[in-house]
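Now for the letters of each chain:
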Amino acid sequence: MSHCLLELESVAHAYGERQALQDFSLSVDQGQRVGILGPNGAGKSTLFKVLSGLLEPQAGTMRYRGQVIAVGEPSFRARCGVVFQSASLDELLTPLENLIVSGGFYGQSGADLQQRSKQLLKTMGLEERQHDQVGELSGGLKRRVELARALVHRPEILLLDEPTTGLDELQYRRFWADLDRLREEEGISVLLVTHRPDEAERCDHLVFLNEGRTVACGSPDVLKAQVTDSVLAVTTEAVEALTAFLEVQGIQGDWAGDRVVFSSTAGHALIPRLVESLPAGAVQSVALRQPDLGDVFVAVTGRRLEEES
Ligand code: ADP
Ligand code: MG
């Protein structure tokens, strides 16, 4: 028996002439976290709209637990918890009311719904704010209300479109702690769309999407093994001297003001030579790090994740 929950096969969508998603295939297993990583315009939201039933793909097949599903099919929608890229809570209602209204859409009601909603808000650390207006909550708390709301009808799979947009570092970590706990306690699968390398790092399986096509896929470790060069960042007032040094080394640097970022096979061995080549005291900072998934994306596509299309 297969543990495959969701399967997409050769899904495609175009807006008029613009092909936003082409020949896209993917599978999500029970309890698996699958991430779609790509820059602006890659087709992530288009894919997300197809998955959440807002958009009919022009080609391809979707299956859930082996059954072909049509767009917006109620039996499939009942299995999904969706968090859209932009906030979609009713700001005039309280968190508890938002959850109850959403549960109602899925045919739930009564004491059961009340209890489940309160429990979810409690586990998300929102108990004390459950009766305040959503409009009064911080961005991070709102995002957690959205996550709680997506769970109220006990979905098997969560679909998240850039779920941590606008969160600060602490809120980001809390959101992920919530997700990880839910996965452990309820065995929920997660399919998320992101342009953040650190968020992609938390997934079991990744798909790199660029201009509507899959350009690479695999676990974060397997993908990262493709790039072994270290990444160095140097800040210096001796811009010309450093430019000359890099040129001699045959290194292409990415300058922004007095800061340059480049990759090198020489790793930390390059640092003393680099510092020596510049006037004394001219280096403000040197940082070396291992490549992250953003660097891998650049290596595969030649494009940065932060880039506009
Ligand atoms: P992402 O979410 O990865 O930024 P989108 O799926 O939103 O990418 O967009 C993919 C491509 O389709 C982009 O080139 C975008 O400009 C185009 N696109 C998205 N929505 C529409 C639309 N409603 N009409 C026309 N073109 C669109
Ligand atoms: Mg998007």
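Residues numbered from 1 in each chain as written. Chains lettered and ligands numbered in written order. Predicted model: local features only at pLDDT ≥ 70, side-chain atom pairs only at ≥ 80, totals over all residues. Heavy atoms only, no water.

**A short note on the overall build of the protein**
And then number 1: Counting its regular elements, the protein contains eleven helices and 14 strands.
And then number 2: A principal-axis box enclosing the C-alpha atoms of the protein has dimensions of 75 × 45 × 40 Å.
And then number 3: Residue burial in the protein is summarised as follows: out of 309 residues, 46% are buried.
And then number 4: Considering only residue pairs separated by 6 or more positions, the protein has 70% of its internal contacts joining residues 24 or more positions apart.
And then number 5: For the protein, the accessible area works out to roughly 15100 Å², and carbon and sulfur atoms hold 47% of it. (Helix = DSSP H or I, 4+ residues; strand = E, 2+ residues; numbered from the N terminus. Buried < 20%, exposed > 50% of the residue type's maximum accessible area, 1.4 Å probe, protein only. Contact = heavy atoms within 4.5 Å. Areas by Shrake-Rupley, 256 points an atom, 1.4 Å probe, with all protein chains shown as cover.)

**Quick word on the site of ligand 1**
And then number 1: If you check the shell around ligand 1, you find Tyr15, Arg18, Ala20, Pro39, Asn40, Gly41, Ala42, Gly43, Lys44, Ser45 and Thr46 and nothing else.
And then number 2: Here Gly41 contributes a backbone N or O atom positioned 2.6 Å from an oxygen atom of ligand 1.
And then number 3: Here Gly43 contributes a backbone N or O atom positioned 3.0 Å from an oxygen atom of ligand 1.
And then number 4: When the free accessible area of ligand 1 is taken as 560 Å², the share hidden by the protein chains comes to 64%. (Near = heavy atom within 4 Å. Polar contact = N/O pair within 3.5 Å; in protein donor to acceptor, adjacent residues only side chain to side chain.)

**Topic: the sheet that holds strand S5 (residues 67–68)**
And then number 1: Taken in spatial order, the four strands of this open sheet run S2-S1-S4-S5, and their pairing is antiparallel. Pairing within the sheet leaves two strands with one partner each, and these edge strands are strand S2 (18–29) and S5.
And then number 2: Pairing of strand S1 (residues 4–15) with S2, which is carried by eight bridges, proceeds in the antiparallel orientation. Following the sheet pairing, Tyr15 is matched in S2 by Arg18.
And then number 3: Here helix H1 (residues 44–51) sits on the sheet and contacts S1, S2 and strand S4 (59–64); the angle it forms with S1, its principal contact strand, is near 120 degrees. (Pairing = 2+ DSSP bridges. Axes fitted to C-alpha atoms, helices over the stretch in contact; angles between N-to-C directions.)

**Looking at the sheet that holds strand S8 (residues 189–194)**
And then number 1: Strand order across the open sheet formed by six strands is S6-S7-S8-S3-S9-S10, with mixed pairing between neighbours. Unpaired on one side and paired on the other, strand S6 (80–83) and strand S10 (213–218) mark the two borders of the sheet. Each neighbouring strand pair of the sheet contributes to a mean axis angle of 15 degrees, computed without reference to strand direction.
And then number 2: With five bridges connecting them, strand S7 (residues 157–161) and S8 associate as parallel partners. By the bridge assignment for S8, Asp161 is matched with Val193.
And then number 3: Strands strand S3 (33–37), S6, S7, S8 and strand S9 (205–210) of the sheet are contacted by H1, whose axis makes an angle of about 145 degrees with S7.

**With respect to the domain arrangement of the protein**
And then number 1: Domain boundaries in the protein define domain 1 (4–223) and domain 2 (230–290).
And then number 2: Between the C-alpha centres of domain 1 and domain 2 there is a distance of 41 Å. (Domains from an automatic or database assignment.)

**Points about the pairing of S9**
And then number 1: With five of its six residues buried, S9 lies for the most part within the structure.
And then number 2: Note that S3 and S9 share four bridges and pair parallel. Residue Val34 lies in a different strand from S9, and its bridge partner there is His205.
And then number 3: Looking at chain direction, S9 and S10 are connected through five bridges and run antiparallel. Opposite Asn210, over in S10, you have Arg213 as the bridge partner.
And then number 4: Two successive antiparallel strands, S9 and S10, enclose a turn made up of two residues, where Glu211 displays a positive phi of approximately 45 degrees.

**Re the packing of aromatic side chains**
And then number 1: All told, the structure shown has three aromatic pairs when counted by the stated rule.
And then number 2: With 5.2 Å between their ring centres and 55 degrees between their planes, Tyr64 and Phe76 make a pair best called tilted. Of this pair, Tyr64 sits in strand S4 while Phe76 is found in helix H2 (residues 74–77), placing the two residues twelve residues apart along the sequence. Summarising the burial analysis for this pair, Tyr64 and Phe76 share the class buried.
And then number 3: Aromatic side chains Phe208 and Phe297 sit 5.2 Å apart centroid to centroid with 55 degrees between the ring planes, which places their arrangement in the tilted category. Placement of Phe208 in strand S9 and of Phe297 in helix H11 (residues 293–301) is noted, with a sequence separation of 89 residues between them. Across this residue pair, the class does not change: Phe208 and Phe297 are buried. (Phe/Tyr/Trp six-rings, centres within 6.5 Å; stacked < 30°, edge-to-face > 60°.)

**Observations regarding the pattern of salt bridges**
And then number 1: The final tally for this structure, using the stated rule, is 20 salt bridges.
And then number 2: We note a salt bridge from Arg196 to Asp198, for which the minimum N-O separation is 2.8 Å.
And then number 3: It is possible to trace a salt-bridge network through shared partners that takes in Arg144, Asp178, Arg181 and Glu185. (Salt bridge = Lys/Arg side-chain N within 4 Å of Asp/Glu carboxyl O.)

**Here's the deal with the nonpolar core**
And then number 1: In this structure, Leu147, Leu151, Leu158, Leu160, Leu179 and Phe208 are the most contacted members of the largest nonpolar core, which totals 41 residues.
And then number 2: When residues of this core are traced back to their parent elements, those giving at least two are helix H3 (95–105), helix H4 (110–123), helix H5 (139–150), S7, helix H6 (169–186), S8, S9 and H11.
And then number 3: When near neighbours in sequence (up to four residues on either side) are disregarded, Phe208 contacts Leu37, Arg213, Thr214, Val215, Ala216, Leu223, Leu293, Val296, Phe297 and Val300.
And then number 4: The next biggest cluster of nonpolar side chains, apart from the first, holds 27 residues, and it includes Leu6, Leu47, Phe76 and Cys80. (Core = buried A, V, L, I, M, F, W, Y, C linked by side-chain atoms within 4.5 Å.)

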